[in-house]
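This is what each chain is made of:
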Amino acid sequence: MTISIITLFPQMFDGILNQSILWRAQKEKLVTFNVINLRDFGLGQHKTVDGKAYGGGVGMVLRADVMSQAIETTIKQVKANTKPYVILTSPGGHVFGQPKAWQFSKLDHLIIICGHYEGVDERVRELYVDEEISIGDYVLTGGELPALVIADSITRLVTGVLVKPEAILKESFENGLLEHPHYTLPQEFKDLKVPEVLRSGNHQAIENWRNQQSEDKTKSIRPDLLKRI
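Nothing here was measured: the structure is a model prediction, and the numbers come from that model.

S.K.: Could you give an account of the packing of helix α4 (residues 98–105) against helix α6 (residues 144–155), with specific residues and numbers?
M.R.: Between α4 and α6, whose axes approach to 8 Å, the crossing angle comes to 70°. Between α4 and α6, the crossing angle belongs to the class labelled roughly perpendicular. Residue-level contacts link Ala101, Phe104 and Ser105 of α4 to Ile150, Ser153 and Ile154 of α6. Class assignment of the residues belonging to the contact of α4 with α6 gives a composition of 4 nonpolar, 2 polar and no charged.

And the structure:
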């Protein structure tokens, strides 16, 4: 799949997209990251991309004509089999979660627009955006960090990216619960021991213990998840 990211700060993506699983996904040609500098489509000598909001108010708004050029150029550059799905990072969007990550991981081409300032001209939403996405109920300086979060969570779900794909099935949120605790060496650390059941070799008992721990942890930390189940 191709993940295109339209941003005012492309340099923010250089380090992270070229590390760990994201780098491996590109190396294996399973995922292509296409980072587009919105400023390249800016107007005039100063490459202007924004303007004051009609009706007044504090802050600037990203221009519809500039954003339109960036989106349409991106679509033409990427030879995808299907129409791209366009999302806008926004505090007012649907809260991103694992089910949405799975949905996006099946796409041929995803375009992520990084919101900034007071947002984008409403006509961009009406003409191009399929869905607005938030990563939480708080406000960030811009949409670059949410775009990275979304790209990372999607990439690891793409078939072939993880060496042991079965590991995904045991992670937090896959079954609606938080993941159980994990332990490794040493067996005893500052008077705290690895639970005996994990050293028993009884796989059924271990599985039962992990399931119970997962449920207890969810009940304690995220009871709202249990309500959804």
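S.K.: Now, about the environment of Gly143: what can you tell me, with residues and values included?
M.R.: Along the chain, Gly143 turns up in the loop between β7 (131–134) and α6. Separated by 40 residues in the primary sequence, Gly143 and Gln103 place their C-alpha atoms 20 Å from one another. Excluding residues within four positions of it along the chain, Gly143 makes contact with Thr89, Cys114, Gly115 and His116.

S.K.: Mind laying out the packing of aromatic side chains, listing which residues take part and the relevant values?
M.R.: Under the defined criterion, the tally for this structure stands at 2 aromatic pairs. Between Phe96 and Phe104, the ring centres sit 6.2 Å apart and the planes meet at 25°, which makes this aromatic pair stacked. Each member of the pair, Phe96 together with Phe104, is buried. An aromatic cluster is present here, built from Tyr85, Phe96 and Phe104 joined pairwise through their rings.

S.K.: Tell me about the nonpolar core, and name the residues and values.
M.R.: With 25 residues, the main nonpolar core has Ile3, Phe104, Ile112 and Ile150 as its most contacted residues. For this core, the secondary structure elements donating two or more residues are β1 (2–7), α2 (20–27), α4, β6 (109–113) and α6. A total of 5 residues in this core trace back to one element, the largest contributor, which is α6. Counting 20 residues, the second largest nonpolar core, distinct from the first, contains Met67, Ile71, Leu88 and Val124.

S.K.: I'd like to hear about unusual backbone geometry, residue by residue, with values.
M.R.: In this structure, the amide linkage connecting Leu185 to the following residue, Pro186, adopts the cis form with an omega of -5°. Locating Pro186 in the fold gives a position in the loop between α6 and β8 (188–189). Of note in the backbone geometry, Ser20 takes a positive phi value of approximately 55° without being a glycine. Mapped onto the elements, Ser20 comes out in helix α2. For Ser20, a relative accessible area of 58% corresponds to the exposed category. With phi around 60°, Lys29 is a residue other than glycine that occupies positive phi space. Position of Lys29 relative to the elements: it lies in the loop between α2 and β2 (32–37).

S.K.: Describe in detail the side chain of His109, supporting the description with residues and values.
M.R.: Within the fold, His109 resides in strand β6. At 2.8 Å, the side chain of His109 and the side chain of Ser4 are in polar contact. Apart from residues no more than four positions distant in its own chain, His109 is found in contact with Thr2, Ser4, Thr74, Val78, Ala80, Pro84 and Tyr85.

The rules behind the values
Residues numbered from 1 in each chain as written. Predicted model: local features only at pLDDT ≥ 70, side-chain atom pairs only at ≥ 80, totals over all residues. Heavy atoms only, no water. Axes fitted to C-alpha atoms, helices over the stretch in contact; angles between N-to-C directions. Helix = DSSP H or I, 4+ residues; strand = E, 2+ residues; numbered from the N terminus. Parallel < 35°, antiparallel > 145°, perpendicular 65-115°, else oblique. Contact = heavy atoms within 4.5 Å. Nonpolar A, V, L, I, M, F, W, Y, C, P; charged D, E, K, R; others polar. Phe/Tyr/Trp six-rings, centres within 6.5 Å; stacked < 30°, edge-to-face > 60°. Buried < 20%, exposed > 50% of the residue type's maximum accessible area, 1.4 Å probe, protein only. Core = buried A, V, L, I, M, F, W, Y, C linked by side-chain atoms within 4.5 Å. Polar contact = N/O pair within 3.5 Å; in protein donor to acceptor, adjacent residues only side chain to side chain.

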